[in-house]
Amino acid sequence: METTLLDRPRTTAHPPPLDWPTVADAFEVACLLRCMPLPAGPRGRHPGEPYRSTVEFNREDAALRMRQLLGRLGVPVEHEITVGGLRRRFELHRLRVPASGRAAYLTLLDSGWRQGRRELLGGLVPGASAARRVWRSRLATAAWRSALLAGGRHVRRHILGVRLTDRELAAVLVRGAALLEVPATLRPGAGCFVVSVADGADRNRILESASLNPAQTGEAS
């Protein structure tokens, strides 16, 4: 009997590995989104779409950074600004990837997160190239920059910390801090995880590593 297409075993297609600059940018966008709490109700993250195509930031620098990164990745994005409040005015920045760019966007973020996470949590293999060592540090920096831009700040006199609901990102931050030669602690909070580093030299090293010149409204790096 002739074998039909339905009888043939399906092969799982894996996208090819991304180059280092693309991994770093896509990984940073994924981290930014993982810092954001999931909206309640049916608008929450769906199993088939781990990264939302619409996200709202209450900080302009976080929104501009994500817009800048998506521009470098060639992903179209729409940026809306809503102003609200009476006595205390605030801005809400909504970024939306149109339908035409969502497939590429989701593929990039999924691949970037998987590759970046694997590099940071998997450890450095013996004989790793100098380029790999450099880019692992850049991935660690990208994770912390995202957390400081979009995560919940948890600052006390003796620590610099961020509050996250994503357990995997919390683990990435702890490992990333170690790569930057800073010890970090992870502890559970009220419905979240708190990753922190000590004040003083450790705090300064994280802030200096994750520093970023003010993002421009254009797409230039």
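Residues numbered from 1 in each chain as written. Predicted model: local features only at pLDDT ≥ 70, side-chain atom pairs only at ≥ 80, totals over all residues. Heavy atoms only, no water.

Draft legend 1. Structural view of helix H3 (residues 99-121). Taking 1.5 Å per residue as the helical rise, H3 with its 23 residues ought to reach 33 Å, and the 33 Å between its terminal C-alpha atoms agrees with that figure. When H3 is considered as a whole, its buried residues turn out to be Gly101, Tyr105, Leu108, Leu109, Ser111, Gly112, Trp113, Gln115, Gly116, Glu119 and Leu120. On its buried face, H3 sits against helix H1 (20-35), helix H2 (60-73), helix H4 (130-150) and helix H5 (167-179). Taken from the residues just after H3, Gly123 is the one with a positive phi, measuring 85 degrees. (Helix = DSSP H or I, 4+ residues; strand = E, 2+ residues; numbered from the N terminus. Expected span 1.5 Å × (residues − 1). Buried < 20%, exposed > 50% of the residue type's maximum accessible area, 1.4 Å probe, protein only. Contact = heavy atoms within 4.5 Å.)

Draft legend 2. Inspection of the environment of Gly200 at higher detail. Mapped onto the elements, Gly200 comes out in the loop between strand S7 (193-198) and helix H6 (201-210). By relative accessible area, which is 29% here, Gly200 ends up partly exposed. Once the C-alpha coordinates of Gly200 and Ile159 are considered, the two residues, 41 residues apart in sequence, prove to be 8.4 Å apart.

Draft legend 3. Summary view of the pattern of salt bridges. Tallied over the entire structure, the rule returns 15 salt bridges. Residues Glu28 and Arg65 are paired through a salt bridge, measuring 2.8 Å at the closest nitrogen-oxygen approach. Of the two residues, Glu28 is situated in helix H1 and Arg65 in helix H2; the sequence distance between them amounts to 37 residues. A single burial state applies to Glu28 and to Arg65, both of which are buried. (Salt bridge = Lys/Arg side-chain N within 4 Å of Asp/Glu carboxyl O.)

Draft legend 4. Representation of the packing of H1 against H5 in the model. Between H1 and H5, whose axes approach to 10 Å, the crossing angle comes to 125 degrees. By the angle between their axes, H1 is oblique relative to H5. In this structure, the crossing between H1 and H5 has a hand that is left-handed. Seen from H1, the contacting residues are Phe27, Cys31, Arg34 and Cys35; seen from H5, they are Glu168, Leu169 and Val172. Here the contact of H1 with H5 is composed, by residue class, of 5 nonpolar, no polar and 2 charged. (Axes fitted to C-alpha atoms, helices over the stretch in contact; angles between N-to-C directions. Parallel < 35°, antiparallel > 145°, perpendicular 65-115°, else oblique. Left-handed = near helix turned anticlockwise from the far one by under 90°. Nonpolar A, V, L, I, M, F, W, Y, C, P; charged D, E, K, R; others polar.)

Draft legend 5. Region of interest: the confidence of the model for the protein. Looking at the protein, the pLDDT average stands at 84 and 81% of residues meet or exceed 70. In this model residues 1-9 is a low-confidence stretch, pLDDT under 50, and it forms 1 contact with partners more than four residues away in sequence or in other chains. For residues 41-48, every residue scores under 50 in pLDDT, and the model assigns this stretch 7 contacts once sequence neighbours within four places are set aside. (pLDDT = per-residue confidence, 0-100.)

Draft legend 6. Local environment of the nonpolar core. In this structure, Phe27, Phe57, Met66, Tyr105, Trp144 and Ile206 are the most contacted members of the largest nonpolar core, which totals 54 residues. Ignoring sequence-local partners within four residues, the contact set of Phe27 consists of Gly112, Trp113, Gly116, Arg117, Leu120, Leu139, Ala142, Ala143 and Val172. (Core = buried A, V, L, I, M, F, W, Y, C linked by side-chain atoms within 4.5 Å.)

Draft legend 7. Here's a closer look at the sheet that holds strand S5 (residues 159-164). One open sheet holds the 4 strands; their spatial order is S4-S5-S7-S6, and the pairing between them is antiparallel. Since the sheet does not close on itself, it has two edges, and those belong to strand S4 (152-156) and strand S6 (184-188), each with one partner. Neighbour to neighbour, the strand axes of the sheet diverge by 25 degrees on average, direction disregarded. Where S6 meets S7, 5 bridges bridge the pair, whose relative direction is antiparallel. Note on S7: the bridge partner recorded for Ala184 is Val197. Sheet strands touched by H6: S4, S5 and S7. Its angle to S7, the strand with the most contacts, is close to 110 degrees. (Pairing = 2+ DSSP bridges.)

Draft legend 8. Looking closely at the pairing of S5. When you tally the buried positions in S5, you get 5 out of 6 residues, the bulk of the element. Taking the residues between adjacent antiparallel strands as the criterion, S4 and S5 are bridged by 2 residues. Where S5 lies against S7, 6 bridges are found, and the strand directions are antiparallel. Across the sheet, the residue bridging to Ile159 is Ala198, located in S7.

Draft legend 9. Spatial organisation of the sheet that holds strand S1 (residues 54-57). Strand order in the open sheet formed by 3 strands is S1-S3-S2, and the pairing between neighbours is antiparallel. The strands lining the two open edges of the sheet, one partner per strand, are S1 and strand S2 (78-84). Averaged over all pairs of adjacent strands, the angle between their axes in this sheet comes to 20 degrees, without regard to strand direction. Sheet analysis places S2 next to strand S3 (residues 90-96), joined by 7 bridges and oriented antiparallel. If you follow Glu80 over to S3, its bridge partner there is Arg94. Contacts from H2 reach S1, S2 and S3, with the element oriented near 20 degrees to S3.

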